[in-house]
Amino acid sequence: MPWFRFFFAALSLLFAACGSEQNDPYPAGERGRNILYAGFSERPKHLDPVQSYTEDEITFTAQIYEPPLQYHYLKRPYTLIPATSEAVPVARYYDERGRELAADAPAAQIALSVYEIRLRPGIRYQPHPAFATDAAGEPLYRDLDRERLRGIERLADFPLTGTRELVADDYIYQIKRLAHPRLHSPIFGMMAERIVGLRELGAALQAAARSLPADAWLDLDQYPLPGVQRVDRYTYRFTLRGKYPQFVYWLAMPFFAPVPREVDRFYGQPGMAEKNLTLDWYPVGSGPFMLTDNNPNSRLVLERNPNFHGETYPCVGEPQDEAAGLLADCGQPLPFIDQAVYTREKESIPYWNKFLQGYYDASGISSDSFDQAVRLGVGGDVQVSDEMRDRGITLLTSVRASIFYLGFNMLDPVVGGLAEPAIKLRQALSIAIDQEEFISIFMNGRGIAATSPLPPGIFGYLEGEAGNNPVVYDWVDGKPQRKPLAVARRLLAEAGWPDGRHATNGEPLVLYLDTTSGGMGDKSRLDWLTRQFAKLDVQLVVRSTDFNRFQEKIRKGAVQLYYLGWNADYPDPENFLFLLAGPEGKVAKSGENASNYVNPEFDRLFERMKNMESEGPSGAERLAIIRQAVALLQHDAPWIYGFHPTTYTLGHVWLHNRKPNDVGHNVLKYQRIDVAQRQRLRQEWNRPVLWPLAAAALVLLGLVLPALLGYWRRERGTA
Amino acid sequence: MFAYLVRRLLYALPILVGVNLITFALFFVVNTPDDMARLQLGVKRVTPEAIAKWKAERGYDRPLFVNPAAAGLGVLTETIFFAKSVRMFAGDFGRAEDGRDIAREIRSRLGPSLAIALPTFVLGLLVTVSLALLLTFFRASYLDFWGVVVCVAMMSISGLFYIIGGQYLVSKLWKLVPISGYGGGLEAWKFLILPLAIGVVSGIGSSTRWYRTIFIEEISRDYVRTARAKGLSELNVLFRHVLRNAMIPILTGVVVVIPLLFLGSLLSESFFGIPGLGSYTIDAIKAQDFAVVRAMVFIGSLLYIVGLMLTDVSYTFVDPRIRFH
């Protein structure tokens, strides 16, 4: 039968086509190339350094833009090193009369801090049409309009590109952009308190913007900013109000990366924004990579910047780095990879399966795949499962510089305030809520119980007995042991609530937790939490609400208990302890202190601590102050210190030089891939299984043939 | 017919205004402009001044529906509702809250959405109508009985199961196609074949059963008996008479969804990583991007109205007795 022959011919052709990785999600032309593959779940909202703040965004911007400073890739505690600058700047201090003060002058005397940054000459930007010039040196694409932009849909449609050297003016221009009224930089309010003249610049720009059409370009060079001055072609100088030692950390963030005026001018031309040709979509930098394909709905591609100024892989790190092979590439030029392809994966299951097939080079571990990926050793140590080990997959774990906590609203008449009964009530609840159990049940053990706001890796965090929270734990046999429930019950009774009832009127103690939870997975967590309160005969009422209402309640102080978390902006204790500083009160000052905790003694200690450096002679004193401040917080218990999450990351055997880094995000340049090994293993792991196709064809045949026979019989019967 | 269509289009206007009004009211019951500003600006270190500036720049600092401070018509026009609605009726969807052009985004996502939805729709219709005719042909036999049982079983399974199961079997175990992703041009087929197959298979249960019911009802009519008495083969009876006469209920359910294919599939696009309009809508809802939500609801309503009109028009092709006045 001819159709039968055709069927088998087609099947043979299909089988022949299935010779190699049929499930490869990437174009065949990419096979064997030095490309790193990663995924992203949330599309980055902003790639403009003036706005980009979240981790989804900084994953990309940190590879493209170069602020003056960066973090050392291997050293811990996190150490700032120069990126485009020649050195990490050291502050010079001046009093109100302009006289220079000693480096250890009391903070109260310091009226102004001056940071001078000297850039390395010879650094050049990535190729970009904004830098393209004509024979006379004039920008080629300067006077564009909608008509001239016809046919231009992407940046790559501009036929010519150019580059130029990075200079101090580019940094100054970007700092002025923080005050741009249409850009809404999240740090403008905070920096306006510090950088001299930034607030005034914001007001001037706002007035100027009002007088211009909505999309008109605002030339920031026409507006002075006294707090940031050009010294020479490669040097600029910040003048800040008061003492602010944490400022250098901000200099390692993309907010302080350079944006050349001509780039801003280029994107500000009429018709550009309508085609999404904006800095927010097509960033321009001098970093090791440049964004060449931006489709945040499906994939983003970073390609090696041909003009990158060159940098080498570090040769020093932590003691264990050598054994981990992290120093093997010492002195090698960066970056190692030619391209990084980020594919959007909204769901964790496809991501995980593609990782196992070798199509992603690294992966986190979702709760769905936890048991498949890791197992707990006899001593409680975490190892990859046999399946992962057989594939050569390795596991990296690191405690994040974050904290999740259950906060008390200190304005609340029952749980708030610094009166002894309220403190004892909070202490009792701190003991009763078993964080270790929570971490074990709900996080697969991926976290450590917190004893204070400070996570590991941050100056002031102490290991061992010195870091113990004596309110919640006893130190027994060299390790912390949660205090018995009897202690919590006694504290509760002393607080005026014996057995969870009011000592005088006998009314039960009912507490209210406001949370954004509401999904199925969250119910079990909240049930568990309710049982923790019930251990003290305290009733917990959970008020689930949406994110907006929750935020509103927090702003108004209309909560009693709430869950929140904080990720470090920079590795300094100030960035965690300020969450409990009185001047940061959420209700009174719209700050970040959601508990509205005010303790004058803590505020005094915090003020002293925040103006000190961790290194050098003041380090020991700073540590002592932090210990006092932490002891106060442990006693007052404005939070139930929840946990610091631990990140588990899996990586394939061909991916080298991985080291967890919570604050430095420009890590792509250090990653190295053994491309040949990846290609070989991918082929080995992805041989197509063809028998199901044949089986499906037979099943189909088995269904169609009887139907045909039945039809034929019926027709004959009818005839 | 032209007058009828014009009349229907005019009827559509108040419907669209009403849908826009309801969308607007529902959205702002849940989200205040302050909430939107906070979500766009982030929750870290955002000052009340920054929020006020964001709202002022985007026109969210006005009252929602009535502006008592304005004079004359400004009472109604100097409001968020008017400012955000009037341009949309002129076909200008404006920009998303992150500054990107909505019309452009819709255009770029239309292709991927249609690349899945259209073949799934056509193939699904062919397969389910054929299967329903097959079951009708073998009605009251074991094949019919077990066919219906399988259909009921298939329609009882969640769509998510088909997706995850399909990805597990075809992509993970058998490694025949990529688990997820999307590529343009000739590369696209390897990404589309699995969602397409899953889309067709997951729809077989309910659709086949529904069409079978229609055909069975139709096959017991007198004209079918007459056709058989004339000596027509059963195949002729089914395709030339039963199918044609069953077209009205089929078209009622089918034609109306054709325009909605443009809106994409929320679940498939999400699991298969296809950058279509379904995922655009979901992203906008999550990001509380009112401009995008409003535009997508508006387009959805418009397409639904177009679908209903197409359904009416299609009746005239399958039933010559139907005329519009």
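Since we're looking at a predicted model, the values are computed, not measured.

**Some remarks on the overall build of chain B**
Thought 1: Within chain B, the regular secondary structure consists of 15 helices and zero strands.
Thought 2: Over its C-alpha atoms chain B spans a radius of gyration of 25 Å, topping by over 25% the 20 Å that the globule rule assigns to 325 residues.
Thought 3: The dimensions of chain B, computed from C-alpha atoms along their principal axes, are 80 × 60 × 35 Å.
Thought 4: A burial count over chain B gives 34% of its 325 residues as buried.
Thought 5: Taking contacts inside chain B between residues at least 6 apart in sequence as the whole, the part at least 24 apart equals 68%.

**Topic: the overall build of chain A**
Thought 1: Helix and strand counts for chain A come out as 21 helices and 25 strands.
Thought 2: Based on the C-alpha atoms only, the size of chain A along its principal axes is roughly 100 × 80 × 55 Å.
Thought 3: A burial count over chain A gives 41% of its 719 residues as buried.
Thought 4: Once local pairs closer than 6 in sequence are excluded, the contacts in chain A between residues at least 24 apart make up 70%.

**Notes on the packing of helix H6 (residues 102-137) of chain B against helix H9 (residues 188-219) of chain B**
Residue and element names in this part refer to chain B.
Thought 1: Between H6 and H9, whose axes approach to 5 Å, the crossing angle comes to 35°. The two elements H6 and H9 cross, and the hand of that crossing is right-handed.
Thought 2: Of the residues assigned to the contact of H6 with H9, the class counts are 20 nonpolar, eight polar and one charged.

**Some details on the domain arrangement of chain A**
Thought 1: Parsing chain A into structural domains produces domain 1 (2-18 + 690-718), domain 2 (42-321) and domain 3 (402-647).
Thought 2: In this structure, domain 1 of chain A and domain 3 of chain A have C-alpha centres spaced 68 Å apart.

**Notes on the pairing of strand S7 (residues 228-232) of chain A**
Residue and element names in this part refer to chain A.
Thought 1: Two elements, S7 and strand S8 (residues 235-241), share four bridges in a ladder whose sense is antiparallel. Considered in S8, the bridge of Gln229 is made with Arg237.
Thought 2: Between the antiparallel neighbours S7 and S8 lie two residues.

**Overview of the nonpolar core**
Grouped burial of nonpolar side chains is what soluble globular proteins tend to show.
Thought 1: Formed by 181 residues in total, the largest nonpolar core has its most connected members in Leu178, Ala340, Ala428 and Ala629 of chain A together with Val292 of chain B.
Thought 2: It is helix H15 (residues 290-318) of chain B that provides the largest number of residues to this core, a total of seven residues.
Thought 3: Beyond its immediate chain neighbours, meaning those up to four positions away, Ala428 of chain A contacts Ala488, Leu491, Leu492, Ala495 and Leu536 of chain A.

**Details of the domain arrangement of chain B**
Residues and elements named next belong to chain B.
Thought 1: Segmenting chain B into domains produces domain 1 (2-90) and domain 2 (106-318).
Thought 2: Here the C-alpha centroids of domain 1 and domain 2 sit 36 Å apart.
Thought 3: Listed as interface residues are 16 residues of domain 1 and, on the opposing side, twelve residues of domain 2.
Thought 4: Secondary structure elements with two or more residues in the side of domain 1 that touches domain 2: helix H1 (2-30), helix H2 (33-41) and helix H5 (80-89).
Thought 5: Tallying contributions element by element places H1 first for the side of domain 1 that touches domain 2, with ten residues.
Thought 6: For the side of domain 1 that touches domain 2, the per-class residue count stands at ten nonpolar, three polar and three charged.

**Considering the sheet that holds S7 of chain A**
Residues and elements named next belong to chain A.
Thought 1: Taken in spatial order, the five strands of this open sheet run S5-S4-S6-S8-S7, and their pairing is antiparallel. For this open sheet the edge positions go to strand S5 (100-101) and S7, each flanked by a neighbour on one side alone.
Thought 2: When strand S6 (residues 112-118) meets S8, the two strands line up antiparallel, connected through seven bridges. If you follow Ser113 over to S8, its bridge partner there is Leu240.
Thought 3: Packing against the sheet, helix H3 (residues 168-177) makes contact with S7 and S8, and its axis sits at approximately 175° to S7.

**Focus: the environment of Arg221 of chain B**
Thought 1: Locating Arg221 of chain B in the fold gives a position in the loop between H9 and helix H10 (222-229).
Thought 2: When the C-alpha atoms of Arg221 of chain B and Val293 of chain B are compared, they prove to be 48 Å apart, with 72 residues separating the residues in sequence.

**Points about the interface of chain A and chain B**
Thought 1: Taken together, the 47 residues of chain A in the interface contact 49 residues of chain B.
Thought 2: Ranked by residues supplied to the side of chain A that touches chain B, first place goes to helix H21 (residues 691-718) of chain A with seven residues.

**Side note on the sheet that holds strand S11 (residues 339-344) of chain A**
Residues and elements named next belong to chain A.
Thought 1: Reading across from one edge, S1-S11-S10-S9 is the order of the four strands in this open sheet, with mixed pairing throughout. Only two strands of the sheet have a single neighbouring strand rather than two, namely strand S1 (35-40) and strand S9 (289-295). Each strand of the sheet is rotated relative to its neighbour by a mean of 20°, with strand direction disregarded.
Thought 2: Its contacts with the sheet place helix H2 (residues 55-64) against S1, S9 and strand S10 (299-304), and it is angled at close to 140° to S9.

**A closer look at the pairing of S1 of chain A**
Residues in a regular strand project their side chains so that they alternate between the two faces of the sheet.
All names here are of chain A.
Thought 1: In terms of burial, S1 is largely enclosed, as five of its six residues are buried.
Thought 2: The pairing of S1 with S11 spans six bridges and is classified as parallel. Bridge pairing links Phe40 to Arg344 in S11.

**As for unusual backbone geometry**
Residues and elements named next belong to chain A.
Thought 1: Look at the link from Arg76 to Pro77: it is a cis peptide, with omega at 0°.
Thought 2: Here Pro77 lies in the loop between strand S2 (69-71) and strand S3 (80-82).
Thought 3: The omega angle of the peptide bond from Leu334 to Pro335 is -5°, so this bond is cis rather than trans.
Thought 4: When you line up the elements, Pro335 lands in the loop between S10 and S11.
Thought 5: Phi at Ala637 is positive, roughly 50°, even though this residue is not glycine.
Thought 6: When you line up the elements, Ala637 lands in the loop between helix H19 (618-636) and strand S23 (639-651).

**Details of the packing of H6 of chain B against helix H14 (residues 277-286) of chain B**
Residue and element names in this part refer to chain B.
Thought 1: For the pair H6 and H14, the least separation of the axes is 8 Å and the interaxial angle reads 130°. As far as their axial angle goes, H14 and H6 are oblique. In contact with Glu105, Ile106, Arg109, Leu110 and Ser113 of H6, H14 contributes Leu277, Gly278 and Tyr280.
Thought 2: Of the residues contributing to the contact of H6 with H14, the split by class is four nonpolar, two polar and two charged.

**Side note on the confidence of the model for chain B**
Thought 1: Here chain B shows a mean pLDDT of 86. Residues at 70 or above account for 99%.
Thought 2: Scoring of the predicted complex yields 0.88 for pTM and 0.83 for ipTM.

Quick notes on the rules
- Residues numbered from 1 in each chain as written.
- Chains lettered and ligands numbered in written order.
- Predicted model: local features only at pLDDT ≥ 70, side-chain atom pairs only at ≥ 80, totals over all residues.
- Helix = DSSP H or I, 4+ residues; strand = E, 2+ residues; numbered from the N terminus.
- Rg over C-alpha atoms; globule rule 2.2 N^0.38 Å.
- Buried ≥ 20, exposed ≤ 12 C-beta atoms within 10 Å, placed from the backbone.
- Contact = placed C-beta atoms within 7 Å.
- Axes fitted to C-alpha atoms, helices over the stretch in contact; angles between N-to-C directions.
- Left-handed = near helix turned anticlockwise from the far one by under 90°.
- Nonpolar A, V, L, I, M, F, W, Y, C, P; charged D, E, K, R; others polar.
- Domains from an automatic or database assignment.
- Pairing = 2+ DSSP bridges.
- Core = buried A, V, L, I, M, F, W, Y, C linked by C-beta atoms within 7 Å.
- Parallel < 35°, antiparallel > 145°, perpendicular 65-115°, else oblique.
- pLDDT = per-residue confidence, 0-100.

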